[in-house]
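Examination of the molecular architecture
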Protein chains: 2
Amino acid sequence: MNKRIVVIGGSAAGPKAAAKAKRLDQHAQVTIIQKSPDLSMASCGYPYYVGGFFEDRNQLLSTPIGVVRDPKFYLKAKGITAKTQTEALSIDRENRIVHCRDLVSGVEFDEPYDKLVLATGASPIIPPVPGHDLQGITTLQSMQDADFLRKIVDDHSVSKAVIVGGGLIGIETCEALQLAGIQITTIEMLPQILTFLDWDLAKLLENHVRMHAANVITDNPVTAFLGENGKLTGVRLKSGTELPCELAVIAVGVRPNSALAGKAGLTVGPRGGITVNEFLQTSDEHIYAVGDCIEVRNRLTGEISPAPYGDLANLEGRVAARNAMEGNHVVFPGTIQTGICKVFDFAAGSTGLSETRARAQGFDAVSCVTSGLDKPHFMGAKLLILKMTADRKTGRLLGLQAVGPGDVSKRIAEAAMAIMGNLTIEDLVNADLPYAPPFSPAVDNLIMAAHVMENKMRGLMKGLSVVEFKERLERKTPMCIIDIRSAEEFEETRLGVGEVLIPLGALRGRLQDLPQDKETEIVLFCKTSLRAYEAATFLEAHGWSNVRVMEGGLAVWPYPREK
Amino acid sequence: MNKRIVVIGGSAAGPKAAAKAKRLDQHAQVTIIQKSPDLSMASCGYPYYVGGFFEDRNQLLSTPIGVVRDPKFYLKAKGITAKTQTEALSIDRENRIVHCRDLVSGVEFDEPYDKLVLATGASPIIPPVPGHDLQGITTLQSMQDADFLRKIVDDHSVSKAVIVGGGLIGIETCEALQLAGIQITTIEMLPQILTFLDWDLAKLLENHVRMHAANVITDNPVTAFLGENGKLTGVRLKSGTELPCELAVIAVGVRPNSALAGKAGLTVGPRGGITVNEFLQTSDEHIYAVGDCIEVRNRLTGEISPAPYGDLANLEGRVAARNAMEGNHVVFPGTIQTGICKVFDFAAGSTGLSETRARAQGFDAVSCVTSGLDKPHFMGAKLLILKMTADRKTGRLLGLQAVGPGDVSKRIAEAAMAIMGNLTIEDLVNADLPYAPPFSPAVDNLIMAAHVMENKMRGLMKGLSVVEFKERLERKTPMCIIDIRSAEEFEETRLGVGEVLIPLGALRGRLQDLPQDKETEIVLFCKTSLRAYEAATFLEAHGWSNVRVMEGGLAVWPYPREK
């Protein structure tokens with residue numbers, strides 16, 4: 001008899017598993033059970049549809065050549081039966097049957113399987129605060145949500161909105177609605193937005209969001225949604241502030257949809273995701289699970305947790321299908337938490353561990369922040385800020401964060417591959433990457449970061465993060481602060497924290513202007529702190545023993561400045 | 001006594017070595033001897049200056065904040081003595097002295113050293129054909145060449161030019177002059193341009209260059225430069241063709257400048273570059289050598305040859321300085337020949353080994369060509385064509401080539417890191433790369449290529465390259481050729497090689513239209529051959545035993561087509 005494969009869930013991981021299973025065995029009966037009316041929604045594209053990057057909603061549902069991926073398409077092009085608007089009610093594991101209900105007709109029926117793949121996804125978390133069911137409160141999780149928000153954008157029917165949650169989807173939604181001329185405030189309960197980044201880089205993005213006229217409030221949770229006649233009129237924050245708004249988009253994270261699995265007695269992890277082994281097999285050998293509903297292993301820390309990323313969903317779908325069809329032989333290696341997000345004309349990305357996360361995981365982590373142009377300056381270069389984290393013990397690259405208008409995506413991809421290849425800083429300093437002026441500086445930003453990291457790890461450069469520097473300023477630590485830029489640059493913009501200006505070219509002739517006590521802490525900076533490092537080596541050679549370079553320079557200063 | 005470091009050569013590798021040496025020991029006397037009047041020229045930027053991408057030539061000579069890197073800058077900012085317009089005449093190794101001549105005053109002098117770094121660069125090869133010294137023939141190797149060509153562009157003084165050599169610099173120069181409205185023909189003696197690529201991908205670029213109204217002639221060397229009154233009037237090709245032109249730019253490669261080293265008795269390799277060990281030390285322990293004048297090791301093949309890349313020059317300079325100052329402790333790992341080049345609105349890149357090169361090196365190489373969009377189709381995606389090469393024995397990634405308007409640079413960088421990390425195709429199929437719609441498709445193009453490669457290596461997909469398919473067509477091999485696209489796509493463009501149109505969605509109902517002899521060779525294709533692969537698995541499941549997918553689909557067809 002032909003093998004029967006049933007897949008529950010028709011967004012990303014599910015259709016991928018179904019299609020791969022069918023290609024591996026064209027005689028198999030492959031069925032997708034999908035609750036929503038839509039299939040294969042490009043859900044990561046919702047914010048861009050809402051933001052007007054393209055007009056036709058069907059683009060989110062179609063192949064690159066414009067064919068909508070509906071049940072007819074699945075049947076004719078792929079030989080797969082897709083049952084939409086159909087809910088999987090329960091799983092009878094003993095008899096290998098999924099009990100289903102057609103949500104249109106109400107008719108219930110059984111779907112027998114030889115192998116079952118669960119791809120039930122995740123649902124947005126709704127904070128349990130009063131008023132969360134008022135009209136005007138939404139999430140951006142479904143095609144229907146996207147339609148709802150796009151209509152608001154097209155109708156210009158809202159003037160003020162709040163985004164609850166400053167994560168990836170929150171910030172993408174903030175951009176989408178701000179572009180539509182809506183006055184936006186993003187509210188984050190934690191002390192920073194985009195928690196895949198360390199505070200210092202996240203703060204730069206927060207400033208960038210503000211520069212685009214969208215307000216950001218951190219460290220201040222929403223305590224109530226306010227309404228009149230069932231309609232949202234505002235939100236109240238923990239601080240007591242009330243913000244009037246007609247629309248609130250909740251984006252505080254998602255929770256794996258594991259109830260169906262749990263009810264069937266499958267093991268569910270402590271973080272709410274379905275437990276799978278390295279073959280993506282659940283605690284029932286005939287059932288696999290993939291996508292946002294599962295917990296996967298972090299390749300660097302071994303931690304098991306949900307990893308709701310669209311790219312991983314696709315990869316997992318393919319792996320589960322292979323194992324379901326051919327017996328367990330393909331290991332899914334897990335995630336290194338690589339992610340990226342557009343933030344107006346900046347991008348923000350991360351792979352591996354942030355400094356915060358690496359420390360929390362017990363690594364002897366060393367980080368350095370660098371800034372620079374992503375191409376030669378004469379080729380229309382843009383600023384790129386990197387924060388690299390390495391393991392002091394092994395020298396291994398643990399993580400890279402990148403923000404700025406420059407080519408973030410390429411450097412995060414480079415670092416992700418380096419992490420997967422277990423490369424060390426020593427390997428990275430001599431990496432052979434593609435160079436030509438239209439694409440990269442002669443020394444790629446990632447390699448430059450590795451050079452700085454190596455200097456720091458060898459003790460050649462003593463760095464000081466902007467956060468540490470700010471703390472010293474606030475504690476009024478005695479320091480000699482030197483801005484090593486040119487007078488022109490100083491006129492244009494400056495910190496104004498008591499620094500003296502000694503341009504690098506003048507330093508060698510002005511040693512008498514430096515503290516005579518050679519143990520005085522000297523903090524040097526310039527635009528990117530490359531010149532500051534040059535100056536530091538010079539001062540150290542002349543006996544100053546406590547010279548520090550403000551890492552990344554003025555380009556990464558996240559606090560207010562004098563001008 | 002303070003250590004004396006002398007660096008001969010002031011373009012890329014030399015200044016990097018000098019600056020790093022000085023930072024490592026600020027008490028060292030560091031001297032650069034430079035023949036040209038300029039220092040630290042961004043020579044890879046010459047074609048873009050000629051092409052008018054920016055106006056001010058000093059941008060090529062200055063720091064990102066606009067300070068020209070002249071001897072005064074080197075002295076004041078870095079404490080380095082740079083002697084320009086100064087020639088190193090010979091090296092007295094026994095007494096550790098470089099004999100120099102000031103080219104302005106004619107005065108000769110000695111420059112004693114403790115450690116010497118040779119960074120003498122490379123010189124353009126001039127083909128030994130009659131007339132090569134006519135006025136109007138140039139290279140694009142020096143700042144003076146760049147000035148000469150830019151003046152021609154600004155003065156509109158030339159209407160027809162030829163580029164001799166279709167390599168990286170040849171193609172960049174072709175673009176620069178074509179943008180200036182000059183009628184260009186690029187002449188290549190080999191059967192293809194850009195020999196770091198395999199023929200099939202190079203041919204796509206050749207077509208692209210032609211689309212931009214620049215002619216390309218391959219497989220046809222220049223046999224004479226023709227002139228009148230000492231001025232160039234045309235070139236004659238081996239075929240006998242004569243092309244009138246007022247300008248010829250020769251770009252057939254470079255030869256390491258190793259004469260000074262050779263005269264001093266240092267070992268020079270069979271390919272003309274100075275021989276160095278893994279510490280970049282020459283056969284004299286007090287002399288290091290870096291940049292275009294040396295031969296370096298290919299990390300994949302172990303071959304030793306010149307690798308004249310600007311990025312490597314910088315890395316080598318840093319390594320040599322560290323070893324010269326601190327004793328040999330840093331190994332330069334060599335090159336994987338990563339390179340990239342802008343070709344009008346396409347880019348072309350390569351890392352590791354091409355299929356041709358891998359086979360020549362004795363690898364049991366397997367390659368696959370894939371094409372696809374570099375983002376979701378609704379996000380302004382562009383076409384990207386990849387050719388991946390792997391070692392069948394170990395599964396290891398050996399190389400990636402990429403061409404197209406899409407983001408070539410990111411995928412070459414990803415692959416370069418993967419090669420340096422010894423990743424296998426099995427590793428790549430589940431790589432965790434940054435995904436969001438503005439930056440990448442859900443399954444990154446490199447991962448998609450790895451999926452196809454894996455299917456091919458496992459025998460699930462039987463591929464046929466466009467070259468193999470064309471050969472079969474020319475030999476009139478009996479085949480059933482099926483275009484699996486939609487009727488609309490077929491109307492818009494098609495091969496016209498006797499194919500029948502059976503859209504994927506109709507295939508399952510049209511098996512009676514297929515050859516009844518199930519051993520007939522069937523060749524399937526669509527736009528990218530993704531649908532063709534889907535169809536192939538279906539036909540194989542229904543008994544056809546000889547089904548092949550034309551790899552990469554119509555998107556990579558380099559030959560003329562019906563429409």
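Whatever comes next refers back to the structure up there.
Below, the structure is looked at part by part.

The transformation that overlays chain B on chain A combines an axial shift of 0.0 Å with a rotation of 180°, and the residual RMSD is 0.0 Å. Taken together, the turn and the small shift mark the pair as related by a two-fold rotation axis. Minimal C-alpha distance to the rotation axis in chain B is attained by Gly421 of chain B, lying at 2.1 Å. A symmetric contact is evident, with 100% of the interface residues of chain B recurring at the interface of chain A.

A few words now on helix H16 (residues 530-541) of chain A. Here H16 of chain A contains 12 residues, and its C-alpha end-to-end distance of 17 Å stays within 8% of the 16 Å for a straight helix at 1.5 Å per residue. In terms of residue burial, H16 of chain A counts as a mostly covered element, since 10 of its 12 residues are buried. Of all the residues in H16 of chain A, the buried ones are Leu530, Arg531, Ala532, Tyr533, Glu534, Ala535, Ala536, Thr537, Phe538 and Leu539 of chain A. Buried residues along H16 of chain A sit in contact with helix H15 (504-507), strand S30 (522-525) and strand S31 (547-550) of chain A together with helix H1 (13-24) and helix H3 (71-78) of chain B. Residue Gly543 of chain A follows H16 of chain A closely and has a positive phi angle near 100°.

This part is about the interface of chain B and chain A. Taken together, the contacts link 77 residues of chain B with 77 residues of chain A. When residues of the side of chain B that touches chain A are assigned to their parent elements, the largest contribution, 9 residues, is made by helix H10 (residues 408-420) of chain B. Its residues placed into classes, the side of chain B that touches chain A shows 43 nonpolar, 21 polar and 13 charged.

So, about the sheet that holds strand S14 (residues 231-237) of chain A. As a general point, the strands of a sheet are linked pairwise by backbone hydrogen bonds and lie either parallel or antiparallel. All names here are of chain A. Read across the sheet, 3 strands follow the order S13-S14-S15 without closing on themselves; strand pairing throughout is antiparallel. Edge positions in the open sheet fall to strand S13 (222-228) and strand S15 (242-244), since each of these has one partner strand only. On average, each strand axis in the sheet is tilted by 30° relative to the strand beside it, whichever way the strands run. Judged from the 3 bridges that link them, S14 and S15 form a sheet pairing that is antiparallel. The residue of S15 that forms the bridge with Gly234 is Pro244.

What counts and how
- Residues numbered from 1 in each chain as written.
- Chains lettered and ligands numbered in written order.
- Predicted model: local features only at pLDDT ≥ 70, side-chain atom pairs only at ≥ 80, totals over all residues.
- Least-squares fit on C-alpha atoms with pLDDT ≥ 70 in both.
- Contact = placed C-beta atoms within 7 Å.
- Helix = DSSP H or I, 4+ residues; strand = E, 2+ residues; numbered from the N terminus.
- Expected span 1.5 Å × (residues − 1).
- Buried ≥ 20, exposed ≤ 12 C-beta atoms within 10 Å, placed from the backbone.
- Nonpolar A, V, L, I, M, F, W, Y, C, P; charged D, E, K, R; others polar.
- Pairing = 2+ DSSP bridges.
- Axes fitted to C-alpha atoms, helices over the stretch in contact; angles between N-to-C directions.

Note that all results are geometric; they support no functional claim without further evidence.
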